[in-house]
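Each chain, written out:
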Amino acid sequence: ALGEPFRGHEGAVYSVAFSPDGRYVASGSEDGTIRLWDTETGQARGEPLQGHKGAVHSVAFSPDGLCVASGSWDTTIRLWDTETGQAQGEPFRGHESAASSVAFSPNGRYVASGSEDKTIRLWDTETGRALRKPLRGHDNFVSSVAFSPDGRCVASGSEDGTIRLWDTETRRARGEPLQGHARAVSSVAFSPDGRYVASGSDDKTIRLWDAETGQALGKPLRGHEHFVSSVAFSPDGRCVASGSRDKKIRLWDAETSQTLAQTSRDITHLIISVPTPSDSHLFTSTSHQKLNPHNNLSHIPRSVSGPHFAPPYFHHCSLLANGWVSSLEGLIYWVPPHNRHGLQHSHILTIPTNHPLGATWIDFTRFRCGTSWIQCRK
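The structure displayed is predicted, hence computed values, not measured ones.

Describing the pairing of strand β22 (residues 228–233)
Next, step 1: Burial analysis of β22 places six of its six residues in the buried class, the great majority of the element.
Next, step 2: Here β22 folds back onto strand β23 (residues 239–244), and the loop between the two strands holds five residues, one of which, Gly237, carries a positive phi near 75 degrees.

In structure tokens form, the structure reads like this:
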């Protein structure tokens, strides 16, 4: 973990979100407040944002970072000025039950909300008014909503076990529900290019879907031992992170569906996984009233397109605390402390520099591994 947990909430933390520039984290809590945190210092920024009359289930930053949206058990959605901490206008009212999820459109003009009243609503952020009638089709609570990168589609996950895709122009469902999960869908996320949707479910699995055809891609991703509470794509789309009530975070290769890594120890009860814009860290929110910043995860091996071939000893490798990259075969190579955050792939190391030309790349494709280090050097 990077430093100490962020402490300040008086109840379980249900949702976290990074600001677009990665400088701040917003958190929503059972205590009915939203807090803003400085990711460098770990300190709360100002006083808690107060106004909801119930637990805050979901928070999201606007694309420009100047506003935070929150959805609450009190059925309302609120917008908050991140500079002043003041509520912007009146609460958005229209849902008949708890607002369980909120998401900004890519242009920041709209907010989508999912509710336990089984509907999705789209709101104009300028007027606070709902756009036409709610989107209906789910047979149970809507637990998660997400905008596609182009803003033309909203994905929703529901307790009815399905995912639906909605056209934001026509306000109609695109095709049939995406079916495949055996239990409630708790989280949905679009890939950065908008081609895929990831979903996490109470059936303990993650599924990937083709956003155009609605077809499931491959088999479910299995490994968690309890409900999957959250999923998120890495900014490059190659990795999917999942958080579960089994107290584990898992990273999956989005192309091969293979597990890349998991946390080696329990962290707490409820996990929400969120990658930073730089694809460097994960934050988890927990029922223990704190936020946990996790160490740089860029050392996780990923599939690399092209003719490169990663030798067998690069599979399932990890960066140890002392700087050695280790696999099932033993130690492979050592990375100096100031370069460890630059390990991007199992066989490519990026060394960031302050030089205006950028970073240095070292290609390990022809790397040879052995226990006799002097002979290997020859």
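Thoughts on the sheet that holds β22
Next, step 1: Within the open sheet, the four strands sit side by side as β22-β23-β24-β25. Their pairing is antiparallel. On the outer flanks of this sheet lie β22 and β25 (259–262), each paired with one strand and no other. Across the sheet, the mean angle separating the axes of adjacent strands is 20 degrees when strand polarity is ignored.

Here we look at the nonpolar core
Next, step 1: Judged by nonpolar contacts, Ala146, Cys153, Ala155, Ile163, Leu165, Leu178, Val185, Val188, Phe190, Val197, Trp209 and Ala211 together constitute the single largest core of twelve residues.
Next, step 2: It is strand β18 (residues 185–190) that provides the largest number of residues to this core, a total of three residues.
Next, step 3: Excluding its chain neighbours within four sequence positions, the residues that come into contact with Cys153 are Ala146, Phe147, Ser148, Leu165, Trp166, Thr168, Arg174 and Phe190.

Re the packing of aromatic side chains
Next, step 1: Under the criterion given, the structure shown has two aromatic pairs.
Next, step 2: Sitting over the ring of Tyr24, Arg45 keeps its end group 4.3 Å from the ring centre.
Next, step 3: Taking NZ or CZ as reference, Arg207 lies 5.6 Å from the ring centre of Trp209, over its face.

Structural notes on the pattern of salt bridges
Next, step 1: If you walk through the whole model with that rule in mind, you get two salt bridges.
Next, step 2: With a closest N to O distance of 3.4 Å, Glu83 and Arg45 form a salt bridge. Remark: Arg45 occurs in the loop between β4 (33–38) and β5 (49–50) and Glu83 occurs in the loop between β8 (77–81) and β9 (99–104); sequence separation between them is 38 residues.
Next, step 3: Residue classification places Arg45 among the partly exposed residues on the basis of a relative accessible area of 25%.

Quick word on the environment of Arg129
Next, step 1: As for its placement among the helices and strands, Arg129 is situated in the loop between β11 (119–124) and β12 (135–136).
Next, step 2: Expressed as a C-alpha distance, the spacing of Arg129 and Tyr110, which sit 19 residues apart in the sequence, is 9.9 Å.
Next, step 3: Setting aside chain neighbours within four positions, we find Arg129 in contact with Leu122, Trp123 and Asp124.

Here we look at unusual backbone geometry
Next, step 1: Its identity is not glycine, yet Arg132 carries a phi of approximately 60 degrees, on the positive side.
Next, step 2: Here Arg132 is to be found in the loop between β11 and β12.
Next, step 3: We note that Arg171 has phi near 60 degrees; this positive angle belongs to a residue other than glycine.
Next, step 4: Take Arg171: it is sitting in the loop between β15 (162–167) and β16 (172–173).

Cut-offs used in this document
Residues numbered from 1 in each chain as written. Predicted model: local features only at pLDDT ≥ 70, side-chain atom pairs only at ≥ 80, totals over all residues. Heavy atoms only, no water. Buried < 20%, exposed > 50% of the residue type's maximum accessible area, 1.4 Å probe, protein only. Helix = DSSP H or I, 4+ residues; strand = E, 2+ residues; numbered from the N terminus. Pairing = 2+ DSSP bridges. Axes fitted to C-alpha atoms, helices over the stretch in contact; angles between N-to-C directions. Core = buried A, V, L, I, M, F, W, Y, C linked by side-chain atoms within 4.5 Å. Contact = heavy atoms within 4.5 Å. Phe/Tyr/Trp six-rings, centres within 6.5 Å; stacked < 30°, edge-to-face > 60°. Lys NZ or Arg CZ within 6 Å of the ring centre and 35° of its normal. Salt bridge = Lys/Arg side-chain N within 4 Å of Asp/Glu carboxyl O.

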